Amino acid sequence: MAERPEDLNLPNAVITRIIKEALPDGVNISKEARSAISRAASVFVLYATSCANNFAMKGKRKTLNATDVLSAMEEMEFQRFVGPLKESLEAYRRDQKGKKGAVELKKKDKDKKEDSEDTDKNREDENEDEDERMEEEEQNDEEEVDN
C-alpha cells in the first residue's frame, strides 16, 4: 500500500491529457484545478476498486474482473457509465482477439516457412545423396570397363 497520500495520485501527464481532450480548444485550467481533479480521480479509482473488490470477495475470488467493476459502478450509482464501459470492454476484447489472431497467424507463417526450408534442405540432401550414388556408379562402371 502507498506510504504517502501523494503516491496514490494518478500521473499529472495523464490527468493533463484527459483534461485537454475533455475541454474545448482555447480553454485553460489552473494548476490548482488540475491538482483537484487529479485527487478526485484518484479517490474515485480507489473507491471503485474497493467496491469491485467487495464483489470479488462475495464470489470468493481474489482477482477482480470486468464484471466486478461493472457491478461496482452500478452500486456506486453510476449506471449511465455502465453501457459505455461495456462497449469499451467489447472493443478491447475484439482488439485483443485480433492481436492474438495476428500473432497466431504470424507464428503459423513462420512455422510454414521453417517447414518449407526444412523440406528444401531435405531435397538438397537427397539430391546430393543421389549425385554421390551416380558418381559411385560411374566409377564402378569405369572400373568394370578397365577390367
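Quick caveat, the model's predicted, so the values are computed rather than measured.

The subject of this paragraph is a nonpolar patch on the surface. On the surface, L10, F44 and V45 cluster together into a nonpolar patch covering about 210 Å² of accessible area. Of note, V45 is situated in helix α2 (residues 31-58).

Right, let's talk about the pattern of salt bridges for a bit. Once their charged atoms are close, side chains differing in charge can pair, the charge on each being opposite to the other. A complete count under the given rule lists 3 salt bridges for this structure. Across the pair R17 and E21 runs a salt bridge whose closest N-O atoms are separated by 3.9 Å. On the criterion of helical spacing, the pair formed by R17 and E21 is a turn pair, its members being 4 residues apart in helix α1 (residues 12-22). Taking the shortest distance from any N to any O, the salt bridge between R93 and E90 comes out at 3.5 Å. Here R93 pairs with E90, and both are found in helix α4 (residues 79-146), just 3 residues apart, close to one helical turn.

Turning next to the packing of aromatic side chains. Evaluated as defined, the whole model comprises 2 aromatic pairs. When the ring of F44 is compared with that of F78, the centres are 5.4 Å apart and the planes differ by 85°; the resulting orientation is edge-to-face. With F44 in helix α2 and F78 in the loop between α3 (66-75) and α4, this pair connects stretches of sequence that are 34 residues apart. Accessibility expressed as a relative area gives 33% for F44, which makes it partly exposed. Ring centres 5.7 Å apart and planes at 45° place the aromatic pair F78 and F81 in the tilted group. For F78, a relative accessible area of 29% translates into the label partly exposed. A relative accessible area of 34% places F81 in the partly exposed class. Linked through ring pairs, F44, F78 and F81 together constitute an aromatic cluster. Its end group placed over the ring of F55, K58 keeps NZ or CZ at 5.0 Å from the ring centre.

The next thing to look at is α2. Between its first and last C-alpha, α2 extends 41 Å over 28 residues, near the 40 Å set by a 1.5 Å rise per residue. Residues of α2 that are buried sit in contact with α1 and α3. Immediately beyond the C-terminal end of α2, within one or two residues, lies K60, with a positive phi of roughly 55°.

Every buried residue belonging to α1 is among I15, T16 and I19, and all of these are buried. For α1, the arc enclosing every buried residue in end-on projection is 100°, short of the 170-degree limit, so these residues lie on one face. The exposed set on the far side of α1, more than 90 degrees from its buried face, consists of A13 and E21.

This paragraph deals with the packing of α1 against α2. Axis separation between α1 and α2 bottoms out at 10 Å; the angle between their running directions is 105°. As far as their axial angle goes, α2 and α1 are roughly perpendicular. Contact with α1, carried on its side by N12, I15, T16 and I19, involves R34, I37, S38 and A41 of α2 and no other residues of that element. Grouping the amino acids of the contact of α1 with α2 by side-chain chemistry returns 4 nonpolar, 3 polar and 1 charged.

The rules behind the values
Residues numbered from 1 in each chain as written. Predicted model: local features only at pLDDT ≥ 70, side-chain atom pairs only at ≥ 80, totals over all residues. Heavy atoms only, no water. Patch = residues over 30% accessible without salt bridge, like charges linked within 9 Å, V, L, I, M, F, W, Y side chains within 5 Å. Areas by Shrake-Rupley, 256 points an atom, 1.4 Å probe, with all protein chains shown as cover. Salt bridge = Lys/Arg side-chain N within 4 Å of Asp/Glu carboxyl O. Helix = DSSP H or I, 4+ residues; strand = E, 2+ residues; numbered from the N terminus. Phe/Tyr/Trp six-rings, centres within 6.5 Å; stacked < 30°, edge-to-face > 60°. Buried < 20%, exposed > 50% of the residue type's maximum accessible area, 1.4 Å probe, protein only. Lys NZ or Arg CZ within 6 Å of the ring centre and 35° of its normal. Expected span 1.5 Å × (residues − 1). Contact = heavy atoms within 4.5 Å. Arc of directions from axis to C-beta. Axes fitted to C-alpha atoms, helices over the stretch in contact; angles between N-to-C directions. Parallel < 35°, antiparallel > 145°, perpendicular 65-115°, else oblique. Nonpolar A, V, L, I, M, F, W, Y, C, P; charged D, E, K, R; others polar.

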